[in-house]
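Residues per chain, in single letters:
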Amino acid sequence: MYITAILAIIVTLGLVLARALMGPTIYDRIAAINMFGTKTVLLIAVLAFLSGRMDLLDIALVYALINFIAMVAVLRLVAYGDFYSSDEENIESVKVDQG
Amino acid sequence: MIVDALSWICLVLGGLVGVIGAIGIHRFPDFYSRQHATGTTDTLGAILILLGLGLQAGFSLAALKIGLIFLFLFLTSPAATHALAYAATHSGLKPKLDGTPGEDMP
C-alpha cells in the first residue's frame, strides 16, 4: 500500500525533474521545482509510515516550511532583482523598489 | 478494515493524481496552462495522500503532525502558485493563443 504511493511519487518526481531541466522559461523551472518540493514532503511522510519511524514527520514539516520560504525568495529575486548580481547598488535599488 | 480500505483508496488516488499532474506538465503547450496542471493536482494530491496517512495514524501525535503538514501545504501551495503566475505576468510573459484575438477570442 505504501509502496504503491511511493512508486507513484517517484515517477512524478522523475517527470517533474525532466521539465525542470528542459523548461523553456525560468518560470517553468520554478513551477517544476515547487511541485518537486511538495512531492518530496509527501515522499518523506509516506516513508515515515513505511519504516515506522515517526521522527521523519518532523523533517517533512520543516521541509514544507523551507520550500515555501525558498519559493518566495526566488520569486522576489526573479521579479524585482538581478538573479546573479552581487554589487551593493543593485541590492539597494531592490530595497527602494519594495519599500 | 473499512478505515484501511479508505486509506488505501486515498493513497492510490493521491499517487494517481500526482502522476496525472506530471504528465500534464509535459503535455500542455504554454506556461500558464502548465501552471493550471501543476497548481491544481499539487494541492489535491497532497490532500489525498495526507488524508490516507492520517486515517492510518488514528488519534496520536503522528496524526497531529500530519494535520499540521496538511494545513501548511493547503495554505501555501495555492499562494505559491498565485505568486508565480503573478511574477510571470508582471515580467511580461504572454500566454500562447490560437487564432487571432479579435475574432474568436475575447
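A brief report on the enclosed structure follows. (Residues numbered from 1 in each chain as written. Chains lettered and ligands numbered in written order. Predicted model: local features only at pLDDT ≥ 70, side-chain atom pairs only at ≥ 80, totals over all residues.)

Right, let's get into the overall build of chain A. Helices and strands together make up the secondary structure of chain A, namely four helices and zero strands. In sequence order, chain A lays out its α and β elements as α-α-α-α. Relative to its full complement of 99 residues, chain A shows a buried share of 30%. Considering only intrachain contacts with a sequence separation of at least 6, the fraction spanning at least 24 residues in chain A is 36%. (Helix = DSSP H or I, 4+ residues; strand = E, 2+ residues; numbered from the N terminus. Buried ≥ 20, exposed ≤ 12 C-beta atoms within 10 Å, placed from the backbone. Contact = placed C-beta atoms within 7 Å.)

What follows covers the interface of chain B and chain A. Of the residues lining the interface, 39 residues belong to chain B; the matching set on chain A comes to 38 residues. Looking at the side of chain B that touches chain A, the elements with two or more residues in it are α1 (2–27), α2 (31–57) and α3 (61–90) of chain B. In the side of chain B that touches chain A, the residues fall into 25 nonpolar, 11 polar and three charged. (Nonpolar A, V, L, I, M, F, W, Y, C, P; charged D, E, K, R; others polar.)

Right, let's talk about the packing of helix α1 (residues 2–22) of chain A against helix α2 (residues 26–51) of chain A for a bit. Residues and elements named next belong to chain A. Two elements in contact, α1 and α2, have axes whose closest approach is 9 Å; the angle formed by their N-to-C orientations is 160°. With respect to their mutual orientation, α1 and α2 come out roughly antiparallel. Every pair of crossing elements has a handedness; the one defined by α1 and α2 is left-handed. (Axes fitted to C-alpha atoms, helices over the stretch in contact; angles between N-to-C directions. Parallel < 35°, antiparallel > 145°, perpendicular 65-115°, else oblique. Left-handed = near helix turned anticlockwise from the far one by under 90°.)

A few words now on the nonpolar core. Counting 44 residues, the largest nonpolar core has A:Ala45, B:Ile49 and B:Leu84 as the members making the most contacts within it. If one sorts the elements of this core by residue count, α2(A) sits on top with 12 residues. Residues contacting B:Ile49, with those up to four places away along its chain left out, are A:Ala5, A:Leu42, A:Val46, B:Leu11 and B:Gly14. (Core = buried A, V, L, I, M, F, W, Y, C linked by C-beta atoms within 7 Å.)

Taking 1.5 Å of rise per residue, the 21 residues of α1(A) would be expected to cover 30 Å, and the 31 Å separating its terminal C-alpha atoms lies within 8% of that figure. Within α1(A) the residues assigned to the buried category are A:Ala5, A:Ala8, A:Ile9, A:Thr12, A:Val16 and A:Arg19. Seen end-on, α1(A) carries its buried residues on one side only, within an arc spanning 95°. Along α1(A), exposed side chains directed more than 90 degrees from the buried face belong to A:Ile3, A:Leu7, A:Ile10, A:Gly14, A:Leu21 and A:Met22. Those residues of α1(A) that are buried are in contact with α2 of chain A together with α1 and α2 of chain B. (Expected span 1.5 Å × (residues − 1). Arc of directions from axis to C-beta.)

Structural measurements only, silent on function.
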